[in-house]
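Here's the letter readout for the chains.
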Amino acid sequence: MTLLKRNRNPMTAFALVSLLLFAGCSASAGSSAESGSASASAEPGRSAASQAPISGGDLTYGLATSPDSLDPHVSGLDVASRVFRSIYDSLVFLTEDNQIKPWLASEWSVSPDGKRYTFKLRQDVKFHDGTPFNAEAVKKNFDRIVDPSTEASIALSYLTQYESSEVVDPYTVRFNLKKPSAAFLRNLSQPSLAIVSPTAAEKYGKQLGQHPVGTGPFRFVKWEENSEIKLERNPDYNWAPDAFDNQGKPYLDTVTFKIIPEEATRIGSLQSGQVLAIETVPAQNVAALKNDSRFTIASHDALGLPFALFINERQAPWNDLKARQALQLGIDVDAIVKTLYFGVYKRAWSPLAPGTFGYDPALENGIQSDKEKAKRLLDELGWKPGKDGIREKDGKKLTIRYVESIPNKDKKQDIAAIVQQQLKEIGVAVELHFTKDVSQVVLMDHAYELFGGGTAGLDPSALTTFYHTHGLTGWPSLSGFDDPKLDELLERGETELDDAKRLEIYQEAQHYIVDHAVTIPIYVSPSISAVSKKVENLKYDALGYLLLHDTTVRN
Amino acid sequence: MLKFIVFRLAASLFVICGSSVLVFCILYWLPGDAVLSRLALGTASPERIAEIRHGLGLDAPFYQQFGVYFGRMFRGDFGESLVSAEPVLPKIMEHVPATLALALTSTAISAGLGVLLGVWSAFHRGGAVDAAVRIVGLFGVSMPAFWSGIMLILLFSVRLGWLPPMGSDGVRTLILPSLTLGIVGTGLILRMVRSSVLDTIREPFIVTLRAKGLSERAVMYRHALRNALIPAVTMLGMLVGEMMAGAVVVETVFARQGIGRVLADAIAGKDLPVVQGVVVFSAGLYVLVNLLVDLSYMLIDPRIRRTGIGRGT
């Protein structure tokens, strides 16, 4: 109302509007100058590490999307894990350098046949609702995940070899597996397999996602849809893994996750001090924030499978290795990654992401784009350039349907557009098909020749999902590459418990995939956050999820 | 008068049902469904997906889904969200206040600024002032709200640090979003008011008034403006639709709560019951506001008051 009153004089109103116009233009043009002026006013460097940690304060953290549910067994979204990692603990902890350490389980042993895991549990742990943590609680959690009525998704996919669990004594639990599984222990550290309060799970059922109760360093306070999720310190917390400096209750009073979907607003909220940290910083904004002395950029490359283009071999001529190699050589991955991600994203060379167990660095700098050779390969197959430059054979044009999803996440649609340009140069026409309905088009109709995918994972067995003939829980594989040799390698990799032998198996599998041009790896997707220097000791686990045990905020 | 209101209310019911049926059909025939859009690729088997679909009744034939849905709706039951299993009506009601606050503030800004600038520009037609205001008007109607929203954030939040760029708690978080939407409405109203004032002052009765020796001020404010107001008020009614559509964008840009954002998420997730709930609500609001607008003509124009709406000029 006051605004209206003040603008009763049309002259002022006009002046205001023209000011808006002008300011709008100058603000967009001068964004680089802006970070320069900001750095002049920024506070001096970090406080000395020797100072005692400051207790108290609220960490505000801007999320890019809203979690679907805070039930770790049900949600499959990254963004949900960022939140519930602070509410729940897991049985074991995976350090940033891939070491498995005790957490809610204090020690464990594996039977010689690799099919039984026995865990001794901590005896001093209780859930936020007062329920004691014990073997019974753990058993109920795993029974819950495998119960179809829970509708678990990702969590279930980590338990493909899980058979049952039994309570040995009040603080000892045993898991029985169908087959030995090298990935089982490491996957227990996944946020999706975190331990929820069995009392709360029973009480809330499917609504547990709106009323999360765990044993973690923070307790759930409230969730206002599309606005914020608030957590408060768990004063009883005393069981953080050794990897932290602080095993006791966290320093922060509260943590507030604000949901800010628009990139520019998220960055603006950080710059104007509305939030102290944000996730999902777009590659094009990294440089400006890095140059601003008020913030630090934290980037974590995802483990698992990098984003790669799958070639659908169900359609001729792509069942022919030479044709696939023509695509492998015709697509200039370096150009794509440099153009779209400004050196912030790394180029992927292997179907596995660097840092994942089994990754073979020998593949780096292996395949280089070579358009002439690509053309030669297509010539040899009898595909000759037609009048319009597109190759033809028996009156058929060489055309590829490239399927990508809507919305344009991580500029993946731009990748498609560049690939279209690049393949045109070797005489292959690319039709772009952007759809919201990827499952239907790709999994059910197979109406594609190129489709990009990748997934985060802690273990190389993630390869099975996308590369094994029957990896996609009941769906045909993305590449349609039915190769008994690769299937056999992936199956052996899953059950081999000797690390050295396992490494060999997965290295062979990676070379096999690259040599047979099953996919074209494009980029390793990082999770990039920008954090105010008022925040100290924000830590991340192996998957790049936030860990707030040691975190402090300075005012 | 009463007959008119009853007729309009009956027509409103038709509009609401029509839009609801249309939305049901569009969402039904669009590819994909609520189950596939929430499951990550390949995490659930085809059998499992069929089971979940069956549980939600999504595998039933069209006429059956249609019958079940509208049967329930006429009993006042909007059903539950297919994604979160929450009942739809409370979910929408929870978000209505935030959107109403945004829509009312921006309508006030649009009406105030729009009428003022429109009249001012018409009175100085042909001059520099007129040209400037017309550019502002053009800017208002042509700039997409997401762009002007981000520009306002850059200026008032990032550079000047005066106002928060996001959130929906308190008056301070309301200013930038309602300015963003208000700029669009200002442009629309300004252009309408300007042209209708210009039309009015060319009419013979204005010449007569001037000839009578009435002061220019009295001619303008007492006679010309009043006659030029009806198209502007009509525009105001239509602005409600503009505000509802704008809320989808503005609520996302400014990370506000509200039904615009609920709608955007629901469409993305193919959450039919929620989409329907929001559509019925906004269609109802639109119809109601336009009824009020029609009734307000009687306050503005005594000729309509005498002859009744629909038969007056």
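Residues numbered from 1 in each chain as written. Chains lettered and ligands numbered in written order. Predicted model: local features only at pLDDT ≥ 70, side-chain atom pairs only at ≥ 80, totals over all residues. Heavy atoms only, no water.

Caption draft 1: Inspection of the overall build of chain B at higher detail. The number of helices and strands found in chain B is 13 helices and 0 strands. For chain B, the N- to C-terminal ordering of α and β elements is α-α-α-α-α-α-α-α-α-α-α-α-α. Taking the principal axes of the C-alpha coordinates as reference, chain B spans close to 85 × 55 × 30 Å. With the model as given, the accessible surface of chain B reaches about 14700 Å², and the carbon-plus-sulfur share is 68%. Once the 27 positive and 19 negative side-chain charges of chain B are each reduced to a mean point, those two points are 14 Å apart. (Helix = DSSP H or I, 4+ residues; strand = E, 2+ residues; numbered from the N terminus. Areas by Shrake-Rupley, 256 points an atom, 1.4 Å probe, with all protein chains shown as cover. Lys, Arg positive; Asp, Glu negative; His and termini not counted. Charge placed at Lys NZ, Arg CZ, Asp CG, Glu CD.)

Caption draft 2: Geometry of the overall build of chain A. Secondary structure summary: chain A contains 18 helices and 26 strands in total. In summary, chain A has a C-alpha radius of gyration of 26 Å against a globular reference of 24 Å for 555 residues, a match within 12%. Dimensions of chain A, computed from C-alpha atoms along their principal axes, come out at roughly 85 × 75 × 45 Å. Across the 555 residues in chain A, those meeting the buried criterion constitute 55%. (Rg over C-alpha atoms; globule rule 2.2 N^0.38 Å. Buried < 20%, exposed > 50% of the residue type's maximum accessible area, 1.4 Å probe, protein only.)

Caption draft 3: How the structure looks around the pairing of strand β1 (residues 58–63) of chain A. Residue and element names in this part refer to chain A. Counting buried positions over the 6 residues of β1 gives 5, a clear majority of the element. Relative to strand β10 (residues 254–259), β1 runs parallel, the two being bridged by 6 bridges. Among the inter-strand pairings, tyrosine 61 is bridged to a residue of β10, identified as phenylalanine 257. Where β1 meets strand β11 (residues 277–278), 2 bridges bridge the pair, whose relative direction is parallel. Residue glycine 62 lies in a different strand from β11, and its bridge partner there is isoleucine 278. (Pairing = 2+ DSSP bridges.)

Caption draft 4: Quick peek at the side chain of arginine 391 of chain A. All names here are of chain A. Note on placement: arginine 391 falls in strand β16 (residues 391–393). Looking at arginine 391, the relative accessible area reads 3%, which means it is buried. Separated by 2.7 Å, the side chains of arginine 391 and aspartate 379 make a polar contact. Here arginine 391 is in contact with Lys375, Leu378, Asp379, Trp383, Lys384, Pro385, Gly386, Lys396, Lys397, Leu398, Ile426 and Gly427, once residues within four sequence places are set aside. (Polar contact = N/O pair within 3.5 Å; in protein donor to acceptor, adjacent residues only side chain to side chain. Contact = heavy atoms within 4.5 Å.)

Caption draft 5: How the structure looks around the confidence of the model for chain A. Of all residues in chain A, 91% attain a pLDDT of 70 or more, and the chain-wide mean is 88. In the model, residues 1–50 of chain A has pLDDT below 50 throughout and makes 48 contacts with residues more than four positions away in sequence or in other chains. (pLDDT = per-residue confidence, 0-100.)

Caption draft 6: Fine view of the packing of aromatic side chains. Under the counting rule described, the total for this entry stands at 31 aromatic pairs over all chains. On the basis of an interplanar angle of 65° and a centroid distance of 4.7 Å, the ring pair of tyrosine 28 of chain B and phenylalanine 62 of chain B is categorised as edge-to-face. Of this pair, tyrosine 28 of chain B sits in helix α1 (residues 2–29) while phenylalanine 62 of chain B is found in helix α4 (residues 62–74), placing the two residues 34 residues apart along the sequence. Ring geometry for phenylalanine 156 of chain B against tryptophan 162 of chain B: centres 5.9 Å apart, planes inclined by 40°, an arrangement best described as tilted. Judged by relative accessible area, tryptophan 162 of chain B falls into the exposed class, the value being 53%. Cluster of aromatic residues (ring-pair linked, three or more members): Trp108, Tyr117, Phe119, Phe142, Tyr162, Phe175 and Phe184 of chain A. One residue, arginine 347 of chain A, lies across the ring of tryptophan 349 of chain A, its end atom 3.7 Å from the ring centre. (Phe/Tyr/Trp six-rings, centres within 6.5 Å; stacked < 30°, edge-to-face > 60°. Lys NZ or Arg CZ within 6 Å of the ring centre and 35° of its normal.)

Caption draft 7: Structural view of unusual backbone geometry. Residues and elements named next belong to chain A. Cis geometry is found at the peptide bond from alanine 316 to proline 317, where omega equals 5°. Topologically, proline 317 is positioned in the loop between β13 (304–311) and α11 (321–330). The linkage connecting isoleucine 406 with the following residue, proline 407, adopts the cis geometry, with an omega of 0°. Positioned with a positive phi, threonine 280 is a non-glycine residue whose angle comes to about 50°. Topologically, threonine 280 is positioned in the loop between β11 and α10 (283–290).

Caption draft 8: Representation of the packing of α11 of chain A against helix α13 (residues 371–380) of chain A in the model. All names here are of chain A. The N-to-C vectors of α11 and α13 enclose an angle of 160°; their axes lie 8 Å apart at closest approach. The angle between α11 and α13 places the two elements in the roughly antiparallel class. α13 is crossed by α11, and the crossing has left-handed handedness. Facing α11, whose interface residues are Lys322, Gln325, Ala326, Leu329 and Gly330, α13 presents Lys371, Lys373, Ala374, Leu377, Leu378 and Glu380. Each residue belonging to the contact of α11 with α13 can be placed in one class, and the counts come to 5 nonpolar, 2 polar and 4 charged. (Axes fitted to C-alpha atoms, helices over the stretch in contact; angles between N-to-C directions. Parallel < 35°, antiparallel > 145°, perpendicular 65-115°, else oblique. Left-handed = near helix turned anticlockwise from the far one by under 90°. Nonpolar A, V, L, I, M, F, W, Y, C, P; charged D, E, K, R; others polar.)

Caption draft 9: Seen up close, the environment of histidine 73 of chain A. Residues and elements named next belong to chain A. Turning to its location among the elements, histidine 73 is positioned in the loop between β1 and α4 (78–84). Considered as a pair, histidine 73 and asparagine 141 are 68 residues apart in the sequence and their alpha carbons are 8.8 Å apart. Contact partners of histidine 73, with chain neighbours within four places excluded, come to Asn141, Arg144, Ile145, Ala152, Ser153, Ala155, Ser192, Ala194 and Val196.

Caption draft 10: Region of the structure containing the sheet that holds strand β18 (residues 399–405) of chain A. Residues and elements named next belong to chain A. Pairing within the open sheet is mixed, and its 6 strands lie in the order β14-β21-β13-β20-β18-β19. In this open sheet, the two edge strands, each paired with only one partner strand, are β14 (346–347) and β19 (429–435). Summarising the sheet, β18 and β19 pair through 7 bridges and their orientation is parallel. Bridging from a neighbouring strand, arginine 401 pairs with glutamate 431 of β19. This element, α11, spans β13, β18, β20 (450–456) and β21 (519–524) of the sheet and lies at about 25° to β21. Most of the contacts of helix α12 (residues 333–341) go to β21, to which it runs at about 30°, and overall it touches β14 and β21.

Caption draft 11: Broad picture of helix α17 (residues 484–495) of chain A. Residues and elements named next belong to chain A. Counted at 1.5 Å a residue, the expected span for α17 with its 12 residues is 16 Å, and the 17 Å between its end C-alpha atoms agrees. On its buried side, α17 packs onto α16 (462–467) and α18 (499–515). For α17, the N-terminal capping position is held by aspartate 483, with its side-chain oxygen 2.8 Å away from the main-chain nitrogen of lysine 485. (Expected span 1.5 Å × (residues − 1).)

Caption draft 12: Spotlight on the sheet that holds β11 of chain A. All names here are of chain A. Strand order across the open sheet formed by 7 strands is β8-β9-β10-β1-β11-β22-β12, with mixed pairing between neighbours. Either end of the sheet is taken by a strand with one partner, and the two such strands are β8 (218–224) and β12 (295–301). Contacts from α10 reach β12 and β22 (526–532) within the one sheet, and its direction differs from that of β12 by about 140°.

Caption draft 13: Up close: the environment of arginine 401 of chain A. Residue and element names in this part refer to chain A. Along the chain, arginine 401 falls in strand β18. Since its relative accessible area comes to 28%, arginine 401 is described here as partly exposed. Expressed as a C-alpha distance, the spacing of arginine 401 and leucine 450, which sit 49 residues apart in the sequence, is 6.3 Å. The contacts of arginine 401, once residues within four sequence positions are left out, are Gln315, Glu431, His446, Ala447, Tyr448, Glu449 and Leu450.

Caption draft 14: Layout of the side chain of serine 461 of chain A. All names here are of chain A. Inspection of the secondary structure assignment puts serine 461 in the loop between β20 and α16. A distance of 2.8 Å separates polar atoms of two side chains, one belonging to serine 461 and the other to aspartate 459. When near neighbours in sequence (up to four residues on either side) are disregarded, serine 461 contacts Ala183, Glu494, Arg502 and Tyr506.

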